[in-house]
Amino acid sequence: MAQYQSPAHVADVVRPSRPAFCLRPHAVRKAARWFTANFPGRCLYAVKANPSRWMIELLRDEGMSFDVASIEEARLVRSLAPDAMIGFMHPMKAPEAIAEAYHSLGVRIFSLDTVGELNKILDVTGGADDLTLCVRLAVASEHSRISLSSKFGAAGEEAVELLRLTRQAASRLGVCFHVGSQSMSPSAYERALDKAEAAVIEAGVIVDVVDVGGGFPAPYPGMAAPPLEQYVAAIDWRFERMLVAENAELWCEPGRALSAEGASLIVRVEGRKGDRLYINDGVYGALFDAGTLDWPYPVRLLKGDQGPTEVVGYSFCGPTCDDHDVMKGPFHLPADIAVGDYIEVGILGAYGAAMTTRFNGFGAHEEFLVADAPMMSAYDDQPAAPAVRVARRRLRSDEHHG
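Residue numbers run consecutively from 1 along every chain, following the written order of its sequence. At least 70 in pLDDT is required for a residue's local features to be given in this predicted model, at least 80 for side-chain atom pairs to be given and counted, and no such filter applies to totals for whole chains, interfaces and linings, which use all residues. Side-chain figures throughout are based on the complete set of non-hydrogen atoms in the structure, without hydrogens or water.

Peer 1: Help me understand the packing of helix 2 (residues 25-38) against helix 9 (residues 228-240) in this model?
Peer 2: To characterise two packed helices, one gives the angle between the axes of the helices and the distance between these axes. Two numbers describe how helix 2 lies on helix 9: the axes approach to 11 Å, and their chain directions differ by 30 degrees. The pairing of helix 2 with helix 9 is recorded here as roughly parallel in orientation. As for the relative orientation of helix 2 and helix 9, their crossing is right-handed in sense. Residues Trp34, Phe35 and Asn38 of helix 2 touch helix 9, and the partners they reach there are Leu228, Glu229 and Val232. Of the residues contributing to the contact of helix 2 with helix 9, the split by class is 4 nonpolar, 1 polar and 1 charged. All axes here are fitted lines through C-alpha atoms, helices being fitted over the stretch that makes contact, and every angle between N-to-C directions spans 0 to 180 degrees. Each helix is a run of H or I in the DSSP string that is no shorter than four residues. Each strand is a run of E no shorter than two, and both are numbered from the N terminus. Should an angle lie under 35 degrees it is considered roughly parallel, over 145 roughly antiparallel, and from 65 to 115 roughly perpendicular; all remaining angles are considered oblique. Whether a crossing is left-handed or right-handed is set by the direction in which the near helix is turned from the far one by less than a right angle, anticlockwise for left-handed and clockwise for right-handed. A contact between two residues is defined here by any heavy atoms of the two lying within 4.5 Å. Gly counts as polar in this scheme, as do all residues outside two lists: the nonpolar Ala, Val, Leu, Ile, Met, Phe, Trp, Tyr, Cys and Pro, and the charged Asp, Glu, Lys and Arg.

Following this line, the structure appears as C-alpha cells:
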C-alpha cells in the first residue's frame, strides 16, 4: 500500500471517487505502547471496535491479547495471531460457537451472566477443567456517552449465587463488567470495582481475575475527558485494595482507545443545498455514529491556500436514498465549500470500518497509508509511566515479602 504525507496529499494526488480511509498504524502503535507501559495488567483488544486485519496484526506484534464477541471474530484473530490469548467475552453465545472456540481455536476464557450460560459452557466443553470463567456483573453507565448497562450483567443475589456456582466449575474465576463506551470519569471504574468486591465478599469466593472491561475514552470535539493516566491510576488504586487472590490478575479491554486515532475518512462533496452537504459516505457506511448518536467527529476541508474565510455549521447527507442517512452535526467548515471538494473526518479508526454496510450498493472504501498525526490525540501529553503506580506496586511487594 502506498504511503502519502497526509489526507490532503491523498486528495490532491489521487482524487478518490470513493470514500477513502487514511490509515495511521503509527498512531495505533503509540496507543498500544502506552497501555502496555502503563496499565498494570493484561490488555485484551476489543476486536469489535475495528476488526481490520492490519489492526489485529499490529496489535498482535505489540503483544496484545484479544477480546472477541463472536465466532467470526475468534476465527479471524486465531488466523492472524495463532499464539495470542483470546477471551470470548460475549455473555450469551451459541453452543456451536462455544464448541468451535474451545475445541478448534484453543479459547479457554469465556464470560457469562446467567446459570443457563454456565451450564451451556460446561455441557459443550464436557465439563473441562481448564476454563477461566468470568462472571459479568451489572454496573452503572451514567458517566459514559454510550450506555452498556441494560443488556448484560448479573446483579444482587443472582450475581452472588452465580459467583458461587461458577467458582465450583472454573479452574480460574473472574469478575468482569463494562462501565459503558467513552467513559468520561475515572471514578466510574472505582465504583464498579466497589460493586464487584461487595459481590465477591457476599459470595465468599476467591477471584483470580478482575476484568474492568473497556470504556477508555478517545478524543472528540466537545468531549473533554481526563487524561488516561487518571483512569489507570484510579483502577490500580482500587484493585490494590480488593480482597482477591494474592496472584489475581487485572485485565482491561480497550477498543476505542486503541483504534480510534488509527484512521480518518476522506469524503467528497457531491452536492450542496444551503447548509446541507451531500457526501459520498454516511450512516449506512463509516459514519453510523455520526448519524445515529450525533457523534462529534472533527472535520476539515482538504484544500490548499484557503486563507481566512467564514465558517458555517453544516449537516451532512449520505449517498443512499434513505431519509435516515443524515448527520446533523453541525460540522464547521468554510462557507465557500463546493461540489467536488474533499473533507477529512477524523478519529474514525473505531466503529467506522466495523459499521459499514453495502446498502443501496454503497459502502466500498479505498485505503491509503498516511504519515501525519491524527487530528486529535489522547497520547500527546500522556506520562510515560505514572510514578505513583510504580511506588504502590513496590509497596505491595514489600508488604508481601518483607
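Peer 1: Looking at this structure, how should I read the sheet that holds strand 4 (residues 65-68)?
Peer 2: Where strands meet in a sheet, backbone hydrogen bonds hold them as pairs that are either parallel or antiparallel. Note: two strands are recorded as paired if DSSP finds a minimum of 2 bridges between them. The strand order around the closed barrel built from 8 strands is 3-4-5-6-7-9-11-12, with neighbouring strands paired in parallel fashion. Between one strand axis and the next, the sheet turns through 25 degrees on average, direction left out of account. With 3 bridges connecting them, strand 11 (residues 209-211) and strand 12 (residues 249-252) associate as parallel partners. Note on strand 12: the bridge partner recorded for Val210 is Leu250.

Peer 1: Which parts of the structure should I look at to understand the nonpolar core?
Peer 2: A general feature of soluble globular proteins is that nonpolar side chains tend to end up buried together. Side-chain atoms within 4.5 Å are what join buried Ala, Val, Leu, Ile, Met, Phe, Trp, Tyr and Cys residues into a set we call a nonpolar core. Throughout, exposure labels follow a simple rule: accessible area from a 1.4 Å probe, protein chains only, divided by the maximum for the residue type, with under 20% read as buried, over 50% as exposed, and the rest as partly exposed. Residues Phe35, Phe110, Val212, Phe216 and Ile343 are the most contacted members of the largest nonpolar core, which totals 115 residues. The element contributing the most residues to this core is helix 8 (residues 187-203), with 8 residues. Setting aside residues no more than four positions away along its own chain, Ile343 makes contact with Leu265, Ile266, Val267, Val269, Leu277, Val299, Arg300, Leu301, Leu302, Phe316, Leu333 and Ile337.

Peer 1: Before we go on, may I ask you to explain the pattern of salt bridges in this structure?
Peer 2: It is possible for side chains bearing opposite charge to pair when their charged atoms get close. Only one rule defines a salt bridge in this text: a Lys or Arg side-chain nitrogen within 4 Å of an Asp or Glu carboxyl oxygen. Enumeration over the complete set of coordinates arrives at 21 salt bridges. In this structure, the salt-bridge partner of Arg33 is Glu62, at a minimum N-O distance of 3.0 Å. Placement of Arg33 in helix 2 and of Glu62 in the loop between helix 3 (53-61) and strand 4 is noted, with a sequence separation of 29 residues between them. For Lys93, the salt bridge goes to Glu117, with nearest N and O atoms at 3.0 Å. Here Glu117 lies in helix 6 (residues 115-124) and Lys93 lies in the loop between strand 5 (86-88) and helix 5 (95-103), a separation of 24 residues in the sequence. The same class applies to Lys93 as to Glu117, namely buried. Because the salt bridges share partners, they merge into one network encompassing Arg24, Arg300, Glu344 and Asp372.

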